[in-house]
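Single-letter residue listing:
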Amino acid sequence: MKQWDVILAGGGLANGLIALRLRQQQPSLRLLMVEAGPSAGGNHTWSFHEDDLTAEQHHWIAPLVAHRWQGYDVRFPRFTRTLTSDYLSITSERFAEAIGELLGEDLLTGCEISALTPQSVRLADGRTFTAGAVIDGRGYRPSRYHTIGLQAFLGQQWQLAQPHGLQRPILMDATVDQQQSYRFVYTLPLSADTLLIEDTHYQDSVALDPDAARQRIADYAAAQGWQLQTLQREEWGSLPITLAGQPAAFRAQHQLPCSGLRAGLFHPTTGYSLPLAASLADLIARQPTPTSASLNAAIGYFSARQWRQQRFFRVLNRMLFLAGPPAQRWQIMQRFYSLDDRLIARFYAGHPTLTDRIRILTGKPPVPVGKALLAVLKKTSRLRAFR
């Protein structure tokens, strides 16, 4: 039986970046990726800001990038604003093509995993593969040790009857009806006559009626004057937004190294995982001998450090979800987007300075001060029912 150095359980974003970086940095390693779906990457669009990655990370991740725009827009009831930072997207099509070429026959698709150990993967068809290390990257698994809200979305990619006229993405259009949550429409111009339009909600539960979301997208497109012609694809999902948790207990429930959302490595306020996935891939590629024990220790240290650094975001999330009526959550984001563009860039990159944090929390509050303080001080045990 062939012995592998690393088996990547799941072919999503985090494990795909690990495979790419290991091939670049340690090409002699024997890698195997096992994916339950028909191709690596599934049906997703991953986007990020220019400042989310270092120059070196931009260089090595470049084969996966399908779109890059100069700047993006946000729209709120009181203002519309253009921010100048570049915005980039990886499509599942580009991702699947690149990872397929990278791994060749060492990518197994359509393979359901029935069991994992730190050194083995057993498939539903009975086959078993062994390795020095197995990394579980099969997506977020709800845990009693995380108290979360959700960013739930449904997106549709449409070819239009006429050009749409957009020069850059609209990251948030919060001028729409809020539907008793923080709701916005997210739009990416993929070509002169092709748009990805997402109906997005920061909400307290996973329930998002897909038919209602499709109708809201159609209504939004009509209001913008876009003539929808051919539906090319549809994607949906729910990203975790962390309010509180027990990080040590969360990590202890995993019996082997994990990556991406499975490891709890995502931006607490946006749910986006690509920047941390890139940093984790760099970390793993630097390990001279990737064993399950060495990777588990390295990822555990990395995750613990990230949790400590993200405390400020969890405070903001409790303000967003707990300090005011759901339909008024947009006011917090409207105030945030009135701040300095470099502050906003650092916030998305996950590295706000002390001055940034003070600036975000001071000034005219968008929610009542008393309720904001109660939300910030709310104990984890009091939050568990929220999940």
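1. Topic: the overall build of the protein chain
So, step 1. Broken down by element type, the protein chain carries 13 helices and 16 strands.
So, step 2. Taken over the C-alpha trace, the protein chain has a radius of gyration of 21 Å; the compact-globule value for 387 residues is 21 Å, and the two agree within 12%.
So, step 3. Its C-alpha atoms give the protein chain principal-axis dimensions of about 65 × 50 × 40 Å.
So, step 4. Just so you have it, the protein chain exposes about 16700 Å², and 52% of that area is on carbon and sulfur atoms.
So, step 5. Of note, the protein chain has its 40 positive side-chain charges centred 13 Å away from the centre of its 31 negative side-chain charges.

2. Concerning the sheet that holds strand β16 (residues 228–245)
So, step 1. If you walk across this open sheet you meet the seven strands as β6-β5-β13-β14-β15-β12-β16, and the pairing is mixed. The outermost strands of the open sheet, each flanked by one partner alone, are β6 (79–83) and β16. With strand direction ignored, the average angle separating the axes of adjacent strands in the sheet is 15 degrees.

3. Some thoughts on the confidence of the model for the protein chain
So, step 1. Averaged over all residues, the pLDDT of the protein chain equals 91, while 93% of them reach at least 70.
So, step 2. In this model, residues 367–377 is a region of pLDDT below 50 whose contacts with residues beyond four sequence positions or in other chains number 15 contacts.
So, step 3. Overall, residues 379–387 carries pLDDT values under 50, and its contacts beyond four positions in sequence, including any with other chains, amount to 24 contacts.

4. Description of the packing of helix α1 (residues 13–25) against helix α6 (residues 274–285)
So, step 1. Closest axis-to-axis distance for the α1/α6 pair is 8 Å, and the angle between their directions is 35 degrees. For α1 against α6, the interelement crossing comes out right-handed. Along the contact surface, α1 presents Leu13, Ala14, Leu17, Ile18, Arg21, Leu22 and Gln25, while α6 presents Leu274, Ala277, Ala278, Leu280, Ala281, Asp282, Ile284 and Ala285.
So, step 2. Looking at side-chain class alone, the contact of α1 with α6 contains twelve nonpolar, one polar and two charged residues.

5. Brief notes about the environment of tyrosine 182
So, step 1. If you trace the backbone, tyrosine 182 turns up in strand β14 (residues 182–191).
So, step 2. Along the sequence, tyrosine 182 and tryptophan 330 sit 148 residues apart, while their C-alpha atoms lie 5.5 Å from each other.
So, step 3. Setting aside residues no more than four positions away along its own chain, tyrosine 182 makes contact with Phe76, Met172, Ala174, Thr200, His201, Tyr202, Pro326, Arg329, Trp330 and Met333.

6. Let's talk about the pairing of strand β3 (residues 45–49)
So, step 1. Counting buried positions along β3 gives five out of five residues, so the element sits mostly inside the fold.
So, step 2. Side-chain alternation along β3 places Thr45, Ser47 and His49 on one buried face and Trp46 and Phe48 on a second face that is also buried.
So, step 3. Sheet topology places β3 next to strand β7 (residues 87–91); five bridges connect them, and they run antiparallel. Its bridge partner being in β7, threonine 45 is matched across the sheet by threonine 91.

7. Here we look at the nonpolar core
So, step 1. Counting 45 residues, the largest nonpolar core has Leu17, Ile61 and Ile90 as the members making the most contacts within it.
So, step 2. No other element matches α6, which puts nine residues into this core.
So, step 3. In this structure isoleucine 90 touches His44, Thr45, Trp46, Phe48, Ile61, Leu64, Val65, Ala66, Phe95 and Leu274, once residues within four positions along its chain are discounted.
So, step 4. With 35 residues, the next largest nonpolar core counts Phe76, Leu188, Phe312 and Met333 among its residues.

8. As for the side chain of serine 259
So, step 1. As for its position among the elements, serine 259 is in the loop between α5 (247–252) and α6.
So, step 2. Once residues lying within four places of it in the same chain are set aside, the contact partners of serine 259 are Ala14, Asn15, Ile18, Ile135, Asp136, Gly137 and Leu280.

9. Structural notes on helix α10 (residues 341–349)
So, step 1. Burial in α10 covers these residues: Leu343, Ile344, Ala345, Phe347, Tyr348 and Ala349.
So, step 2. Positive backbone phi, at 85 degrees, marks glycine 350, one or two positions downstream of α10.

10. Topic: the pattern of salt bridges
So, step 1. In total, this model carries 20 salt bridges according to the counting rule given.
So, step 2. The shortest N-O distance in the salt bridge between arginine 233 and glutamate 93 comes to 3.7 Å. With a gap of 140 residues between them, arginine 233 in strand β16 and glutamate 93 in helix α3 (residues 92–103) connect regions that are remote in the sequence.
So, step 3. Using a relative accessible area of 12% as the deciding quantity, one classes arginine 233 as buried.

Conventions used here
- Residues numbered from 1 in each chain as written.
- Predicted model: local features only at pLDDT ≥ 70, side-chain atom pairs only at ≥ 80, totals over all residues.
- Heavy atoms only, no water.
- Helix = DSSP H or I, 4+ residues; strand = E, 2+ residues; numbered from the N terminus.
- Rg over C-alpha atoms; globule rule 2.2 N^0.38 Å.
- Areas by Shrake-Rupley, 256 points an atom, 1.4 Å probe, with all protein chains shown as cover.
- Lys, Arg positive; Asp, Glu negative; His and termini not counted.
- Charge placed at Lys NZ, Arg CZ, Asp CG, Glu CD.
- Pairing = 2+ DSSP bridges.
- Axes fitted to C-alpha atoms, helices over the stretch in contact; angles between N-to-C directions.
- pLDDT = per-residue confidence, 0-100.
- Contact = heavy atoms within 4.5 Å.
- Left-handed = near helix turned anticlockwise from the far one by under 90°.
- Nonpolar A, V, L, I, M, F, W, Y, C, P; charged D, E, K, R; others polar.
- Buried < 20%, exposed > 50% of the residue type's maximum accessible area, 1.4 Å probe, protein only.
- Core = buried A, V, L, I, M, F, W, Y, C linked by side-chain atoms within 4.5 Å.
- Salt bridge = Lys/Arg side-chain N within 4 Å of Asp/Glu carboxyl O.

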